[in-house]
Every structure is written in C-alpha cells, then in structure tokens.
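# Overview (structure and organization)
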Amino acid sequence: MIRFALFVAALGLSACAPEPPPADRSDEVQSVVLTVPGMAGYIGVWESEDAQLRQAFLVSQGGAAVQACMTAPNDAGEWRIVSEGVYVAEGAEIRGRFTGENMGFERLDVVGYPVGGDGGVDWVNTAATAEGEMITYETWAAPVGGVFTYTVERGEGVDRELWFAGQWRFRNDLQADCG
C-alpha cells in the first residue's frame, strides 16, 4: 500500500533548483491546450521533493493525448519505469488509465477536472488493488515557478482526511522519455 501511496502522490509529483518550464511552448504542447484541457502546463519531467521519483508527461497521438510515466531508481541506481499510462479528454474531463510494477495496484483509473482555468486539476483516482477498490481524491495546483503542489485525501464526503501532500519540481535539464 505504501507503493500505491507513492504512486498516487506522484500523480498528483531535486537536487537541482527548479527551473520554470520554457515560456515559448512548442506548437505540439499548445495542441494539448486544445485537446486535453488542463495538461499543457505539466508537459516535461517533474521530480519529487526527495528526488526518488520522476514523472514525465509527453504529448502523444498528435496532441490528442498525454502519455505519462513514473520512474524510480532500482538498486543499481538506474531509473526504471514503475508506472505508465495515458490521459485523454472526454468532454470537459481528463481521463487516464495506468498500470504499475510493484506499485500496489493492478490498474489505476483517474478522472480529472480542470479547475478555474489557471492550470490546476482535481482528480478522482480509483485503484484496483489486491484488497479491492480504493478511491482517493487529489488536487494539483497550477505549476508556478517550476513547482506544482499536490494533496491526496481519502475517505468520503465530509469524512475525507489528508493522506499526504507534497510538490513536484520541473527538471528542465532532463529529457522526457517513457520508452
């Protein structure tokens, strides 16, 4: 379950100081603005606060989708993919499906709702685990200055409680690659 918690945190997220994403976004990234609302600001590589996880968001399918993967170092210190999937737009929603390796879930389905037009996204995450289905609620704040924060809650309605929170730092020095 800890690995699942790390993955959920990573959905929501360095040794180097963060650098903001380049202001001159490519046409490919701009195409995501039109086809997968809320995701354009996240394109690139992001690293967790403790530098133990990275997530890459890449424009795919000609701008109709955003491919995403999470990597973690193995025992030899080499970065390996531990989860991967894709985000697509369905109306005003962002939908994604992910698989993971030793992450505590068999499948993770997410539904995102862009918030306020500023680049933030609210997510409902449904994980199929060995213990059954688990639902969490995640909020990504819009990236600002090369950082975006996230919170993850579990529970229902007014009984939700903060499970964990953190931030991801943009890594302008790393190439996004989920291959």
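This write-up is about the structure you can find in this document. As the structure is a computational prediction, the values presented were derived from the model and not from experiment.

This part is about the pattern of salt bridges. Applying the stated rule across the entire model yields 10 salt bridges. The salt bridge involving R97 is made with D109; its shortest N-O contact spans 2.6 Å. You can see R97 sitting in strand β5 (residues 93–100) and its partner D109 sitting in strand β6 (residues 107–115), a full 12 residues away along the chain. On the accessibility criterion, R97 (49% relative accessible area) is partly exposed. Ionic pairing is found between D109 and R107, a salt bridge with its closest N-O pair at 2.9 Å. The class of R107 is partly exposed, set by a relative accessible area of 34%. Bridged by salt links that share partners, the residues E47, R54, R171 and D173 form one connected network.

Here the focus is the sheet that holds strand β1 (residues 44–48). The strand order around the closed barrel formed by 10 strands is β1-β2-β3-β4-β5-β6-β7-β8-β9-β10, and the pairing between neighbours is antiparallel. The average undirected angle you get between the axes of adjacent strands in this sheet is 25 degrees.

We now examine the nonpolar core. The nonpolar side chains of soluble globular proteins are, as a tendency, buried together. M39, F57, Y87, W123 and W140 are the most contacted members of the largest nonpolar core, which totals 32 residues. Counting five residues, the second-largest nonpolar core is a separate cluster that includes A56, L58, C69 and C178.

Criteria and cut-off values
- Along each chain, residue indices are assigned from 1 in the same order as the chain's sequence is written.
- Whole-chain, interface and lining totals are the exception, using all residues; otherwise, since this is a predicted model, local features are given only for residues with pLDDT of at least 70 and side-chain atom pairs are given and counted only at 80 or more.
- For side-chain calculations, the full set of non-hydrogen atoms in the structure is used, while hydrogens and water are omitted.
- Salt-bridge detection follows one rule: a side-chain nitrogen of Lys or Arg within 4 Å of a carboxyl oxygen of Asp or Glu.
- A run of H or I in DSSP becomes a helix once it reaches four residues, and a run of E becomes a strand once it reaches two; helices and strands are each numbered from the N terminus.
- The rule is simple: take the accessible area with a 1.4 Å probe, protein chains only, and divide by the maximum for that residue type; under 20% is buried, over 50% is exposed, in between is partly exposed.
- For two strands to be treated as a pair, DSSP must find at least two bridges joining them.
- The axes used here are C-alpha line fits, helices contributing only the stretch in contact, and every angle between their N-to-C directions lies in the interval 0 to 180 degrees.
- Only buried residues count toward a nonpolar core. Its members are Ala, Val, Leu, Ile, Met, Phe, Trp, Tyr and Cys residues joined through side-chain atoms within 4.5 Å.

As far as function goes, none of this settles anything; it's purely spatial.
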